[in-house]
Amino acid sequence: MASSSCTTMSAARTFTPFSRLRAQRRSMISSSVKKATPLGVGVGRTTTLVPPRATSTSSEITQDAPTGIDWPNLDSQFQDQTVVQIMDKALELFGDGLAIAFSGAEDVALIQYAKLTGRPFRVFSLDTGRLNPETYQLFDDVEKHFDIKIEFTFPDEDAVTKLVNEKGMFSFYEDGHKECCGVRKVQPLRKKLKTLNAWVTGQRKDQSPGTRMAVPAVQVDPVFEGAAGGAGSLVKFNPLTNATSQEVWDFLRVMGTPVNKLHEMGYVSIGCAPCTRAVLPGQQEREGRWWWEDSAMKECGLHSGNLTAEQQAKQDEREATEEDIFNTVTAVDHAAIDALRVEPTHSKTTLAVLYAPWCPFCQAMVAGYEEAAASFAAKGVDVVKFRADGDEKEWSKENLELKSFPTVLLFPEGRGGFVKLGSERRDPDSLNIFVESIVGKL
């Protein structure tokens, strides 16, 4: 989805030169790191959650990675445990071989929870060179508040130079964010993780529809490698997986934890300046990221691989067998959808989804769309589905404004043509608002 405000918003930000930021961060990293004495040293650890003054360790790993652990079983145990308990176990198992990934957003809660364990811990951040000034300020505030030194990692200078010189500063508005994220985020992250045995992220199940609904509390990382190299060499902890945004913010408020000033301006999910914007009340939080793209592209590559084995198997099977979806919804063929398209005046309101059965985002909306279909039927609205992949794809792109799957179209009674749903909110309530905003109260 194109946005006319993209250029205006990006131009409103002032970017610190990458070379200067790199020099500044290197200077910070080279500073001496303070050692912490865990809570209760000399008398045995206690369960009192009163943090020591400083809890950051050096970047050299002194604790071996654990072996023989049944990670799926540990994940099952974590489902009934608190965030502090999960964090404590992670630090117990990996010690200084583990580091917390801090993006400069509400995942600062991870640092607060780590502090509460009383154990030493490490924190690292990716400085892409294009973060908001408020995010850089938060980095400084966090270091002072927790008396730690964040380990900053940077993109390869040659790779950034090549990308910008060849494609410009804002190429992601034209051809998607994947390439830029790959250079500025994924590659540096990959390099950093190869120095660790485990890492901690702030991923939650409620953050992004479809892609983050299967987020284990602990897993063998399905994407990245650790210090030992090879598949299975890195363990990933997601202590906040079952927490809601409200719970995280309640915790931050009561603890007096420093937070990004952008949150006060309506920003929820925070990334690089040109790719982040405020969201409206009630919007899904990651709608503020890469808003010009469809929800199917709302992950930058840092946390791919979140499908469960069962979901992945089901997806593979659907691609192979072309099993249909939306089974309770009336299917229309090319002739029928084309007739709707060219009909001068629609005699009845029709809601249509253009879909591909193999698409995970189409699969994710099945239950909601079928529920909406049943509700609309009682109100005199037809709800149909049109399979728009394969031989129908190019025609649908040219005639039905198909840009990605799923696409939802409304053919309103008493009018010709159609109206395309402009957001990625496809739950029953949002679909009802969409329809009634065009045709009136049903």
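The preceding data block contains the structure.
Since the structure is predicted, the reported quantities are computational estimates derived from the model, not experimental observations.

Peer 1: Please set out the overall build of the chain residue by residue, giving values where relevant.
Peer 2: Scanning the chain for helices and strands turns up 16 helices and 11 strands. Residue burial in the chain is summarised as follows: out of 442 residues, 51% are buried. Taking the intrachain contacts of the chain between residues at least 6 apart in sequence as the baseline, contacts between residues at least 24 apart amount to 74%.

Peer 1: Hey, could you go over the sheet that holds strand β11 (residues 419–420) for me, with residue numbers and the actual values?
Peer 2: Within the open sheet, the five strands sit side by side as β7-β9-β8-β10-β11. Their pairing is mixed. The open sheet is flanked by β7 (330–331) and β11, the only strands paired with a single partner. Direction of pairing for strand β10 (residues 407–411) relative to β11: antiparallel, over a ladder of two bridges. Bridging from a neighbouring strand, L410 pairs with V419 of β11. Contacts from helix α12 (residues 334–342) reach β8 (350–355), β9 (382–387) and β10 within the one sheet, and its direction differs from that of β10 by about 55°.

Peer 1: Mind laying out the pairing of strand β2 (residues 123–126), listing which residues take part and the relevant values?
Peer 2: One face of the sheet, then the other: side chains in a regular strand alternate in exactly this way. The side-chain alternation of β2 yields two buried faces, one formed by V123 and S125 and the other by F124 and L126. Two elements, strand β1 (residues 98–101) and β2, share two bridges in a ladder whose sense is parallel. When the sheet's bridge partners are listed, I100 is paired in β2 with V123. Between β1 and its parallel partner β2, the chain crosses via helix α5 (residues 108–117), and the hand of that crossover is right-handed. In this sheet, strand β3 (residues 151–153) lies alongside β2 in parallel orientation, the contact comprising three bridges. Bridging across to β3, L126 finds its partner in T153. On the question of chirality, the crossover connecting β2 to the parallel β3 by way of helix α6 (residues 133–146) is right-handed.

Basis of the calculations
- Residues numbered from 1 in each chain as written.
- Predicted model: local features only at pLDDT ≥ 70, side-chain atom pairs only at ≥ 80, totals over all residues.
- Heavy atoms only, no water.
- Helix = DSSP H or I, 4+ residues; strand = E, 2+ residues; numbered from the N terminus.
- Buried < 20%, exposed > 50% of the residue type's maximum accessible area, 1.4 Å probe, protein only.
- Contact = heavy atoms within 4.5 Å.
- Pairing = 2+ DSSP bridges.
- Axes fitted to C-alpha atoms, helices over the stretch in contact; angles between N-to-C directions.
- Right-handed = clockwise from strand over helix to strand, strands pointing away.

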